[in-house]
Amino acid sequence: MLLFVLGACAVALTFAAISLMAAKKRLVDHEIDQLIARKLATQRDAMTVQILDLNEANGVMRNLLIDIAENEATDDLRSDLPADVMTRIVADRTARRQELLAEVDAVLRSCRMVDAEM
């Protein structure tokens, strides 16, 4: 009978110890989840700002590419135009091309600065 009581106490003690360890594990898991949620909440704001900046840069680059395509896709010069008009048209195209490429360079430089911050 004594062995039966000692065995029952050992089983009860084992189950109590296991449930205590399980409760501690659940508590630690809950604390880890809260820590991760806090970290993500603080990082989400910075990530959102960077994503919005990159989205804006993407839109600017898309508009610049459209402008470049429109500038390069203008009708071929007609040979019946006077030489001074043709020279002015070519000079205007070249100037516009340089402006567009300078804008592209500025956008790419700003994107590199954003990448460096990440």
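Here's what I pulled together on the structure shown here. Since the model is a prediction, treat every value here as computed from it, not as a measurement. All chains use their own residue numbering, which begins from 1 and follows the written sequence. Restriction of local features to residues with pLDDT of at least 70 applies here, the model being predicted, together with a cutoff of 80 or more for giving and counting side-chain atom pairs; totals for whole chains, interfaces and linings are based on all residues. Hydrogen atoms and water are omitted, and side-chain values are computed over all heavy atoms in the structure.

1. Here we look at the overall build of the protein
Numbered from the N terminus, helices here are DSSP runs of H or I no shorter than four residues, and strands are runs of E no shorter than two. Within the protein, the regular secondary structure consists of 2 helices and 0 strands. Throughout this description, buried means an accessible area under 20% of the type-specific maximum (1.4 Å probe, protein chains only), exposed means over 50%, and partly exposed covers the range between. Taken over 118 residues, the protein has a buried fraction of 8%. Contacts spanning at least 24 positions in sequence make up 70% of the contacts within the protein whose residues lie at least 6 apart. For the area figures, the Shrake-Rupley method with a 1.4 Å probe applies, and any residue is considered shielded solely by the protein chains shown. Accessible surface computed for the protein: about 9800 Å², of which carbon and sulfur atoms make up 65%. Whether two residues touch is decided by their heavy atoms; if any such pair falls within 4.5 Å, the residues are in contact.

2. Details of the pattern of salt bridges
Just to be clear on terms, a salt bridge is a Lys or Arg side-chain nitrogen sitting within 4 Å of an Asp or Glu carboxyl oxygen. Taken as a whole and assessed by the stated rule, the structure comprises 4 salt bridges. For Arg96, the salt bridge is made with Asp67, and the minimal N-O distance between the two is 3.6 Å. Of the two residues, Arg96 is situated in helix H2 (residues 83-117) and Asp67 in helix H1 (residues 2-72); the sequence distance between them amounts to 29 residues. Relative accessible area serves as the criterion here: at 29%, Arg96 is assigned to the partly exposed category.

3. Let's talk about the nonpolar core
We define a nonpolar core as any set of buried Ala, Val, Leu, Ile, Met, Phe, Trp, Tyr and Cys residues linked to one another through side-chain atoms lying within 4.5 Å. In this structure, Ala57, Met61, Leu64, Leu100, Val104, Val107 and Cys111 together form the largest nonpolar core, which totals 7 residues. Looking at this core, the elements that each hand over two or more residues are H1 and H2. Per-element tally for this core: the top contributor is H2, with 4 residues.

4. Regarding a nonpolar patch on the surface
Only residues whose relative accessible area exceeds 30% and that take part in no salt bridge are eligible for patches, with like-charged residues grouped when within 9 Å of each other and nonpolar side chains (Val, Leu, Ile, Met, Phe, Trp, Tyr) grouped when within 5 Å. A contiguous nonpolar patch, built from Val28, Ile32, Ile36 and Leu40 and spanning about 330 Å² of accessible area, is present on the exposed surface. On the secondary structure map, Ile32 appears in helix H1.

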